[in-house]
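What follows is the residue order along each chain.
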Amino acid sequence: MPRTIDSKKTAMLELASLRPIIWAPQTLRELRNFPKMVKREFGRALQFAQAGDKHPAAKPLKGFGGGGILEIVEDYNRGSYRGVYTVRFKEALYVLHVFQKKSKKGIETARSDVNLIKERLKWATQNHATKSG
């Protein structure tokens, strides 16, 4: 007789296989101040990443060597919002920075934001090494 798995158990198994999200200091607090629509889209992108997939709007962040650091851009009400996270670590997803882009010239990320992302990536690497070592 074939064995069936009910949908509740399937959902629990799917949740158990998602990578946990670890938020860099201040990042979750910053995200909570964003418009609801922006938070929803960032949340969807993170859900894709937790499941090991890439959201269609997620792009590798330039200057970080490859696809391990991703950026999601959401435009809302004449503002541009960015979320940066890393998928470099198999066991966890680290959200490094969320911010509203203030620069009016070009699409380039401000140097101060890039420096903060670099600092938080170092923090994530150290944090990950401590937890998995």
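Position labels on residues start from 1 in each chain and follow its written sequence. Reporting in this predicted model follows two pLDDT cut-offs: at least 70 for local features of residues, and 80 or more for side-chain atom pairs to be given and counted; totals over whole chains, interfaces and linings ignore these cut-offs and use all residues. Working from all heavy atoms in the structure, the side-chain values ignore hydrogens and water.

Peer 1: Hey, could you go over the packing of aromatic side chains for me, with residue numbers and the actual values?
Peer 2: Pairing of aromatic side chains requires ring centres within 6.5 Å, counting the rings of Phe and Tyr and the six-membered ring of Trp. Pairs whose planes differ by under 30 degrees are stacked, by over 60 edge-to-face, and all others tilted. Scanning the entire structure with this criterion turns up four aromatic pairs. Consider the rings of Phe34 and Phe42, whose centres lie 6.1 Å apart with planes at 65 degrees: the pair is edge-to-face. Each residue's exposure class comes from its accessible area (1.4 Å probe, protein chains only) as a fraction of the maximum for that residue type: buried when under 20%, exposed when over 50%, partly exposed otherwise. Assessed through its relative accessible area of 3%, Phe42 is described here as buried. Following the ring pairs from residue to residue traces out a cluster consisting of Phe34, Phe42 and Tyr81.

Peer 1: Requested: an account of the pairing of strand β4 (residues 79-86), with residues and values cited.
Peer 2: Consecutive residues of a regular strand have side chains that alternate between opposite faces of the sheet. Secondary structure is summarised from DSSP: a helix means a run of H or I of at least four residues, a strand means a run of E of at least two, and numbering begins at the N terminus for each. Judged by how many residues are buried, β4 sits mostly within the fold: eight of eight residues are covered. Covered by surrounding structure in β4 are Gly79, Tyr81, Gly83 and Tyr85 together with Ser80, Arg82, Val84 and Thr86, the residues of both alternating faces. Where strand β3 (residues 69-76) folds back onto β4 in an antiparallel hairpin, the turn is made up of two residues, including Asn77, whose phi is positive at roughly 50 degrees. Direction of pairing for β4 relative to strand β5 (residues 93-101): antiparallel, over a ladder of seven bridges. Paired with Ser80 across the two strands is Lys101, which belongs to β5. A pair of strands is labelled paired if DSSP reports no fewer than 2 bridges between them. Between β4 and β5, which pair antiparallel one after the other, the connecting turn spans six residues.

Peer 1: How would you sum up the pattern of salt bridges? Please name residues and give values.
Peer 2: Oppositely charged side chains can form a pair if their charged atoms are brought close together. For this analysis, a salt bridge means a side-chain nitrogen from Lys or Arg found within 4 Å of a carboxyl oxygen belonging to Asp or Glu. By the definition in use, this model includes three salt bridges. Arg120 is paired through a salt bridge with Glu30; the nearest N and O atoms lie 3.9 Å apart. Pair noted here: Arg120 is in helix α4 (residues 111-132) and Glu30 is in helix α2 (residues 27-32), with a separation of 90 residues, a long-range link. Look at Glu30 and you get partly exposed, because its relative accessible area is 27%. With a shortest N-O distance of 2.4 Å, Glu41 and Arg44 are connected by a salt bridge. Of this pair, Glu41 and Arg44 both sit in helix α3 (residues 36-50), three residues apart, which is roughly one turn of that helix.

Peer 1: How would you summarise the side chain of Arg120 if you had to cite specific residues and measurements?
Peer 2: Residue Arg120 is classed as buried on the basis of its relative accessible area of 9%. In what follows, residue pairs with any heavy atoms lying within 4.5 Å of each other are defined as contacts. Apart from residues no more than four positions distant in its own chain, Arg120 is found in contact with Ala24, Pro25, Gln26, Thr27, Glu30, Leu96 and His97.

Peer 1: Please give an account of the nonpolar core that cites residues and values.
Peer 2: Throughout, nonpolar core names a set of buried Ala, Val, Leu, Ile, Met, Phe, Trp, Tyr and Cys residues whose side chains join them through atoms within 4.5 Å. Ranked by internal contacts, the top residues of the largest apolar core, which has 15 residues, are Phe34, Phe42, Tyr85 and Val98. Among the secondary structure elements, those contributing two or more residues to this core are α3, β3, β4 and β5. Top element by residues in this core is α3. It accounts for five residues. Apart from residues no more than four positions distant in its own chain, Phe42 is found in contact with Leu31, Phe34, Ile72, Glu74, Tyr81, Arg82, Gly83 and Val98. Among the nonpolar cores identified, the runner-up in size contains 13 residues, and Ile22, Phe64, Ile117 and Ala124 belong to it.

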